[in-house]
Amino acid sequence: MERRRIGILTSGGDCPGLNAVIRGAVRSAQKLGWEIVGFKDGFEGLLPPGRFVMLDRHKTAGIMPLGGTILGTTNKGHFVAKVGAHGETAVVAEEVIEQARAVLKGLRIEGLIIIGGDGSLTTAQQLFEAGIPTVGVPKTIDNDLAATAMTFGFDSAVACVADALDRLHTTATSHRRVMVIEVMGRHAGWIALYGGLAGGADIILLPEIPFEYEKIAEAVRKRNEDGCLSTMIVVAEGAKPKDGVISAHATASGEYRMGGIADLVAANIQPICDREVRVCVLGHLQRGGAPTTLDRILGTRFGIHAVEMIAAGKYGHMVSYQNYLVTDVPISEAVNRLRLVSPEGQMVKTARAVDIDFGD
Ligand code: F6P
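Just so we're clear, the structure is a prediction, and the values are computed from it rather than from any experiment.

**Observations regarding the state of the cysteines**
Counting across every chain of the model gives zero disulfides. Cys160 takes part in no disulfide bond, and the closest cysteine sulfur to it belongs to Cys280, at a distance of 9.5 Å. You can see Cys273 has no disulfide; the closest cysteine sulfur is in Cys228, sitting 13 Å from it. On the basis of relative accessible area, Cys273 is assigned to the buried category, the value being 0%.

Quick look at the structure:
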C-alpha cells in the first residue's frame with residue numbers, strides 16, 4: 001500500500017530554528033508511517049517540474065544546530081503575496097497556483113507545511129483558499145506576528161544583539177565613546193527592546209516610540225556628567241524621529257529595504273553630546289548561526305504540531321504559541337496584523353525602571 005505523503009517548505013527570510021522545525025516534522029511524520037517531501041527554495045520548488053528532496057530521519061540527522069534552512073528559501077519569486085513599504089497584499093497569479101497544484105497532485109502530497117512569516121503565511125492562506133491543503137508554522141526573528149506569543153528565531157537574534165553589546169561595551173568604555181548599534185526588526189521594536197535590555201543598553205530607540213535627537217543627546221550628556229565612561233544606544237532599523245520618516249530605500253527590484261537610521265542618529269547627536277560617536281550595524285549576523293536552546297525546542301514543538309494538524313485535517317491553520325503551550329489558530333487571524341511593542345506595556349516600563357532612555 002502507498003504511504004501517506006506530506007510536503008514541507010521554508011519561505012521568506014531565513015532564521016535560526018528552521019532546521020529544528022524540519023527535523024521535528026520529519027521525525028513525527030515518519031513515526032506515523034508517512035513520507036515527507038521537502039520542496040527547495042521556498043514556494044519556487046512547487047513550480048513544474050518540482051524541485052524537491054525526499055526527507056527522512058537520516059537526511060535530517062545533525063541539522064538541529066545549523067542556522068539557515070537545509071531546504072533553501074527566498075523572499076522573492078512567483079508566490080510573493082506582500083509588497084511595498086507597509087506590506088500591501090498582492091494576489092498570487094492563478095496560473096502559478098494551478099502549476100503548484102499540479103506538482104503537488106503529481107507527487108500525491110496530502111498536506112503542505114509552510115514555514116514562513118507574514119508574507120509567506122499570506123501566500124499559504126491564498127493557496128488554502130484555492131483548495132490546496134496548507135498548514136502554517138510562524139517564523140521570524142522580528143517576533144511581530146499576531147496570534148502567537150512568540151516565533152522561533154527571535155531568541156537567537158536577541159542573543160546575537162546581547163553578545164554584540166557585551167563586545168562593543170568594552171571597546172566603547174576604553175575609548176569613552178558613544179556607540180550606536182542598529183538592529184533588525186522592520187516595523188517592530190522587539191529585537192531592539194529585548195536585545196537592548198539583555199545587553200545592558202543605556203538608550204533604546206523603537207519604531208513604536210518616535211524619538212528626538214536633542215533628548216538622546218541630553219541623556220548622553222547626563223551620563224557623561226554622572227561619570228559614565230560609555231553610552232550604548234540600540235536603534236531599531238524601523239525607528240524614526242518625531243515628525244520624521246523611516247530610513248529605507250527601494251531596490252532596483254522594487255524591494256523596500258530598511259536601514260541607515262544609526263548613521264543619522266550618530267550624525268545628529270555627535271555635535272551636541274560631547275563625546276565621540278561610532279556606529280555598528282549588526283545586519284544579517286542576527287539571522288545567522290546556531291539557534292539558541294529555546295529556539296531549538298520551540299522549532300521542534302512547532303514542527304511536531306504541524307504534523308498533528310495535518311493528521312487532524314486542520315488545514316488553513318497556523319501553529320501558535322500561547323501561555324507556554326503550542327496550539328493553533330486560523331492563518332487568517334495571524335496575517336495582516338503586526339504585533340508591535342506597546343509603549344505603555346510592561347517591557348517598556350521594565351526598561352524605564354532600569355534607567356533606559358527612549359529618546360522621547
Ligand atoms: O523580517 C526579517 C528581516 O531580517 C528584517 O528584520 C529585515 O528588515 C529583513 O528581514 C531583511 O531582509 P533581507 O534579508 O531580504 O535583506
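So that's the structure; there's more coming.
**What to know about the domain arrangement of the protein chain**
You can read the domains of the protein chain as domain 1 (5-152 + 291-334) and domain 2 (158-287). Once you take the C-alpha centre of each, domain 1 and domain 2 turn out to be 33 Å apart. Between domain 1 and domain 2, the residue contacts involve 13 residues of the former and 12 residues of the latter. Summing both sides of the interface, domain 1 and domain 2 together bury roughly 1,000 Å²; the carbon and sulfur share of this comes to 56%. Of the charged contacts, one joins Glu255 and Lys76 as a salt bridge, the two residues approaching to 3.4 Å between their closest N and O atoms. Applying the counting criterion to the domain 1 and domain 2 interface returns three residue pairs in polar contact (both at pLDDT 80 or more). For the side of domain 1 that touches domain 2, the residue count by class is four nonpolar, five polar and four charged.

**Remarks on the sheet that holds strand β10 (residues 231-236)**
Strand order in this open sheet of four strands is β9-β10-β8-β13, and the pairing throughout is parallel. Each edge of the open sheet carries a strand with a single partner, namely β9 (203-205) and β13 (277-281). Pairs of neighbouring strands in the sheet enclose a mean axial angle of 20°, with direction left out of account. Examined bridge by bridge, strand β8 (residues 178-183) and β13 share five bridges and lie parallel to one another. By the bridge assignment for β13, Met179 is matched with Arg278. Against the sheet, helix α4 (residues 154-175) makes contact with β8, β10 and β13, and its axis sits at roughly 165° relative to β8, the strand it touches most.

Definitions and cut-offs
Residues numbered from 1 in each chain as written. Predicted model: local features only at pLDDT ≥ 70, side-chain atom pairs only at ≥ 80, totals over all residues. Heavy atoms only, no water. Disulfide = S-S within 2.5 Å. Buried < 20%, exposed > 50% of the residue type's maximum accessible area, 1.4 Å probe, protein only. Domains from an automatic or database assignment. Contact = heavy atoms within 4.5 Å. Buried area = accessible area lost by both parts, 1.4 Å probe. Salt bridge = Lys/Arg side-chain N within 4 Å of Asp/Glu carboxyl O. Polar contact = N/O pair within 3.5 Å; in protein donor to acceptor, adjacent residues only side chain to side chain. Nonpolar A, V, L, I, M, F, W, Y, C, P; charged D, E, K, R; others polar. Pairing = 2+ DSSP bridges. Helix = DSSP H or I, 4+ residues; strand = E, 2+ residues; numbered from the N terminus. Axes fitted to C-alpha atoms, helices over the stretch in contact; angles between N-to-C directions.

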